[in-house]
Amino acid sequence: MGSLTGIDESLQYPVARRDESIVDDYHGFKIPDPYRWLEDPDAEEVKDFVQKQAELTDSVLNKCDVRDRLREKITKLFDSPQYDAPFKQGNKYFYFHNTGLQPQSVLYVQDSLDAEAKVLLDPNTLSEDGTVAITTVSVSEDAKYLAYALSNSGSDWAKFTSITWTHDSKGFFYSRYPAPKDGKEVDAGIETDSNLYHELYYHFLGTEQSEDILCWKDPEHPKYTFSGHVTEDGQYLVMYIRENFDQVNKVYYYDLSALPEGLEGFRKSNGLLPFVKLIDRFDAQYEVVANDDSVFTFRTSKDAPKYKIVRVDLREPNNWSEVVPEAERDVLESASAANFNQMILSYLSDVNFLTPGIIYQCNLKTETPEMKIFRETSVPGFDRSEFHVHQVFVPSKDGSTKIPMFIVAKKNIKLDGSHPCLLYGYGGFNASITPSFSVSRTVLMRHLGAVFCIANIRGGGEYGEEWHKDGALAKKQNCFDDFISASEYLISAGYTQSRKLCIEGESNGGLLIGACINQRPDLFGCALAHVGVMDMLRLHKFTIGHAGFSEYGCPEKKEEFDWLIKYSPLHNVRRPWEQDPDKPSQYPSTLLLTADHDDRVVPLHSLKLLATMQYVLCTSLENSPQTNPILGRIECKAGHGAGRPTQKMIDEAADCYGFMAKMLGASWIE
């Protein structure tokens, strides 16, 4: 495939040292790991590598002529007010609001929905560059106190904590990992040690954290995580226990009214709270919807991959009844109690991409609930009538499964294969990639004539737990096959052609992109892989990576190693021109994106893959046929994606899609 880039093809890639002495033995297979040294984020050699890659990438991005126009248009569209739905606690209402280009949204409070709103917490005042974000907020029952958690530079360090107040407003339960050993100071986001031994605590207002009461720990199961939730009536503390990212949990509870002297008295006991084990096995997901005294209502996937509503009396824990059965086609995504005796159920079914955001207010006091628009986000200069959303069902490789794909494009485009196309996918962890309005993708459709698509491949939660399991563990290859089938459909249907097709994914979706360019380098013109899981053999050794066992498998088990080694992006980089000499091809133009403070998927995944691709495809050969660039974009003071300042989001979109436009030969349309 010839280069479309118009960029000087003789890119000078930095030469990364290869340590050939590092070889691991997995079940008799010798696996070299020459870039192991890139796993240490503090090493000077690693910082030097990152710096040189950044300079190379900047030199290419500076030649991407539509980048500045993209940044200008995206900034203009971002600059409109955004609101989250308000929530009520005590006699007050709270909501998050961003005037448009503020780095982080601000938390406001008001006495009624019509009253004047006051700023309660503005995270933009907590750092000069807007990289401190609010990750969790919880308001006390009497609405006098706010407890919150912060993330610095996108770090996940306060990860997996919930905050739940006791109804006397004297304090709250929260979860945490033990502090780093030896009191060592760590830069939270670049810590790579494994996260183990989670604990549940209670904090009394006005006391030191060192005096907090340890309520639960389980040193025999170091990978378990705990989250506490006080029920609406204040009587019970419900604890969810998880082992990994799998959608299953245990449920324990404790009746807080059984403490004769309350939690103050319990402080003297030096024991753990004597929780009752309601569900003590990892066989399904259970989530409390509400309780009437000891009668609890749950949303669960037990014998119902699309979820159902069930009820149990804690006094008869083996006697469960079904309240709302599992639907035939639609997934029950959430359930909440309202108005004393009603439930609001939300099902995943059909959707709309072209709505920037509407908040509805619903009055449940009337016989037929009354809906009215409370707030609507309007984006200046965006006209949804210019675009069309189409859903197609693409046959998978195995022929027996239909993969849903949304295609969004300007109305009445010609299906002549001429359009730049961006295909996005995820396919993992039971997560549903539902349509949502995106400013930057709207700009691509309008000003680059691009077609934007989302493939709802297996591994996600779009059709419930079975759909998820069909793309996990031994069946992970189904995700890649589905995504490749979706790509081939877009070409055969005339939306685009290989050299005009860009694929994009993040996290588990970054793995998807890494695997697909290895398996079908000829099929794509450009690839954008954000914070991807790329080294499947060492994922579990860092931070929360061990929680991925339930999704991917464990390389220390022979059968599971056999699955992983077949698709692990780091271990499957091959020269396409050597695989099939009759069909000269190369890898697509590739941008691997990561962040120095990502402690969910640590940056070493992208750095090691970047060094490997540049070596195998480019620097190890004279006059390599690989002329499409292989680059890394390493963001400083940023994490896995949550809580990023607005400007960083705009800059990344301009860089990614500016690179895409240049590589696909797309020109600007005013």
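Model, not experiment: these values are computed from the prediction.

> Help me understand the overall build of the protein chain in this model?
A count of helical and extended segments in the protein chain gives 12 helices and 33 strands. Against the 2.2 N^0.38 benchmark of 26 Å for 670 residues, the protein chain shows a C-alpha radius of gyration of 26 Å, consistent with a compact globule. Counting only C-alpha atoms and orienting by the principal axes, one finds that the protein chain spans roughly 80 × 60 × 55 Å. Expressed as a percentage of its 670 residues, the buried residues of the protein chain come to 54%. Across the protein chain, every contact between residues at least 6 apart in sequence was considered, and the portion connecting residues at least 24 apart equals 62%. Carbon and sulfur atoms form 48% of the exposed surface of the protein chain, whose accessible area is close to 29,600 Å². Here the protein chain contributes 69 positive and 97 negative side-chain charges, whose respective centroids are spaced 3 Å apart.

> It is not clear to me how a negative patch on the surface should be interpreted in this structure. Could you clarify?
Judged by side-chain charge, Glu141, Asp142, Glu232, Asp233, Asp292 and Asp293 come together as a negatively charged surface patch. Considering the arrangement of structural elements, one finds Asp233 in the loop between strand S14 (225-230) and strand S15 (236-242).

> Looking at this structure, how should I read the sheet that holds strand S11 (residues 171-176)?
Taking strand neighbours across the sheet as the criterion, the four strands line up as S10-S11-S12-S13 in an open arrangement whose pairing is antiparallel. Among the strands making up the open sheet, the edge pair consists of strand S10 (164-165) and strand S13 (213-216). Examined bridge by bridge, S10 and S11 share two bridges and lie antiparallel to one another. Within S11, the residue paired with Trp165 across the bridge is Phe172.

> Would you explain the pairing of strand S16 (residues 250-255) in this entry?
Sheet faces and side chains relate simply in a regular strand, where the side chains alternate between the two faces. Counting buried residues in S16 gives five out of six residues, a clear majority hidden from the surface. Strand direction decides the pairing type here: S15 and S16, joined by six bridges, are antiparallel. Opposite Met239, over in S16, you have Tyr252 as the bridge partner. Of the strand pairs in this sheet, S16 and strand S17 (residues 276-279) are connected by three bridges, and their pairing is antiparallel. Paired with Tyr252 across the two strands is Lys277, which belongs to S17.

> Help me out: how do you make sense of the packing of aromatic side chains in this one?
For any two aromatic rings, the description comes down to two numbers: the centre-to-centre distance and the angle of the planes. For the coordinates displayed, the defined rule picks out 27 aromatic pairs. Plain terms: the ring middles of Trp216 and Phe275 are 5.5 Å apart, the flat faces sit at 80° to each other, and that makes the pair edge-to-face. Residue Trp216 is located in strand S13, and its partner Phe275 is located in the loop between helix H3 (262-266) and S17; the two are separated by 59 residues in the primary sequence. With respect to burial, Trp216 and Phe275 carry one shared label: buried. Stacked on the ring of Tyr201, the Lys or Arg Arg176 has its end atom at 4.1 Å from the ring centre. We note Arg441 situated over the ring of Tyr424; from NZ or CZ to the ring centre the distance is 4.9 Å.

> What am I meant to see in the nonpolar core here?
Side chains of nonpolar character tend, in soluble globular proteins, to be buried together. With 114 residues, the main nonpolar core has Met405 and Leu423 as its most contacted residues. A total of nine residues in this core trace back to one element, the largest contributor, which is helix H12 (residues 646-664). Beyond its immediate sequence surroundings of up to four residues, Leu423 is in contact with Met405, Cys453, Ile454, Ala455, Phe483, Ala486, Ser487, Leu490, Leu501, Cys502, Ile503 and Glu504. Core analysis: the next-biggest nonpolar cluster, separate from the first, contains 21 residues, Met239, Leu263, Phe266 and Leu273 among them.

> Would you take a moment to explain a nonpolar patch on the surface for this structure?
Together, Leu126, Tyr148 and Leu150 make up a nonpolar patch on the protein surface, roughly 240 Å² of accessible area in all. Position of Tyr148 among the secondary structure elements: in strand S9 (residues 146-152).

> What should I look at first to understand helix H7 (residues 508-519) in this one?
Turn by turn, an α-helix covers 3.6 residues, leaving residues three or four places apart pointing in a common direction. With 12 residues, H7 should cover 16 Å at 1.5 Å per step; its first-to-last C-alpha distance of 17 Å lies within 8% of that length. Burial of H7 is extensive: 11 of the 12 residues sit out of reach of the surface. Buried residues of H7: Asn508, Gly509, Gly510, Leu511, Leu512, Ile513, Gly514, Ala515, Cys516, Ile517 and Asn518, and no others.

> For this particular structure, what's the right way to read the environment of Thr496?
Within the secondary structure, Thr496 is located in the loop between helix H6 (477-492) and strand S30 (501-506). In this structure, the C-alpha to C-alpha distance between Thr496 and Val451, residues 45 residues apart in sequence, is 8.3 Å. Those residues within four positions of Thr496 in sequence are excluded, and the remaining contacts are Gly417, His419, Pro420, Cys421, Leu490, Ile491 and Leu501. For Thr496, the side chain forms a polar contact with the main-chain oxygen of His419, separated by 2.7 Å. In terms of polar contacts, Thr496 uses its side chain to reach the backbone carbonyl oxygen of Lys500, at 3.5 Å.

> Got a minute to help me understand unusual backbone geometry in this structure?
With the exception of glycine, the majority of residues adopt a negative phi angle, and the majority of peptide bonds are in the trans configuration. The backbone of Ala143 sits at a positive phi, close to 60°, despite the residue not being glycine. Inspection of the secondary structure puts Ala143 in the loop between strand S8 (132-139) and S9. Notably, Ser169 is not glycine yet its phi reads approximately 60°, a positive angle. Position of Ser169 among the secondary structure elements: in the loop between S10 and S11. Residue Ser169 is classed as buried on the basis of its relative accessible area, which comes to 6%.

> How should I be thinking about the sheet that holds S17 in this particular structure?
Strand-to-strand pairing in sheets goes through backbone hydrogen bonds, with the strands running parallel or antiparallel. As summarised here, the arrangement of the four strands in space is S14-S15-S16-S17, forming an open sheet in which the pairing is antiparallel. Unpaired on one side and paired on the other, S14 and S17 mark the two borders of the sheet. Taken over all neighbouring pairs, the strand axes of this sheet differ in orientation by 25° on average, direction set aside.

> Please explain the pattern of salt bridges as it appears in this structure.
As enumerated under the stated definition, the model contains 43 salt bridges in all. One salt bridge connects Glu504 with Arg441, and the closest N-O pair in it is separated by 4.0 Å. Highlighted residues: Glu504 in strand S30 and Arg441 in helix H4 (residues 439-447), separated in sequence by 63 residues. We note that Glu504, like Arg441, is buried. Among the charged side chains, a salt-bridge network with shared partners connects Arg67, Asp68, Arg71, Arg633, Glu635, Lys648, Asp651, Glu652 and Asp655.

So, how was this worked out
Residues numbered from 1 in each chain as written. Predicted model: local features only at pLDDT ≥ 70, side-chain atom pairs only at ≥ 80, totals over all residues. Heavy atoms only, no water. Helix = DSSP H or I, 4+ residues; strand = E, 2+ residues; numbered from the N terminus. Rg over C-alpha atoms; globule rule 2.2 N^0.38 Å. Buried < 20%, exposed > 50% of the residue type's maximum accessible area, 1.4 Å probe, protein only. Contact = heavy atoms within 4.5 Å. Areas by Shrake-Rupley, 256 points an atom, 1.4 Å probe, with all protein chains shown as cover. Lys, Arg positive; Asp, Glu negative; His and termini not counted. Charge placed at Lys NZ, Arg CZ, Asp CG, Glu CD. Patch = residues over 30% accessible without salt bridge, like charges linked within 9 Å, V, L, I, M, F, W, Y side chains within 5 Å. Salt bridge = Lys/Arg side-chain N within 4 Å of Asp/Glu carboxyl O. Pairing = 2+ DSSP bridges. Phe/Tyr/Trp six-rings, centres within 6.5 Å; stacked < 30°, edge-to-face > 60°. Lys NZ or Arg CZ within 6 Å of the ring centre and 35° of its normal. Core = buried A, V, L, I, M, F, W, Y, C linked by side-chain atoms within 4.5 Å. Expected span 1.5 Å × (residues − 1). Polar contact = N/O pair within 3.5 Å; in protein donor to acceptor, adjacent residues only side chain to side chain. Axes fitted to C-alpha atoms, helices over the stretch in contact; angles between N-to-C directions.

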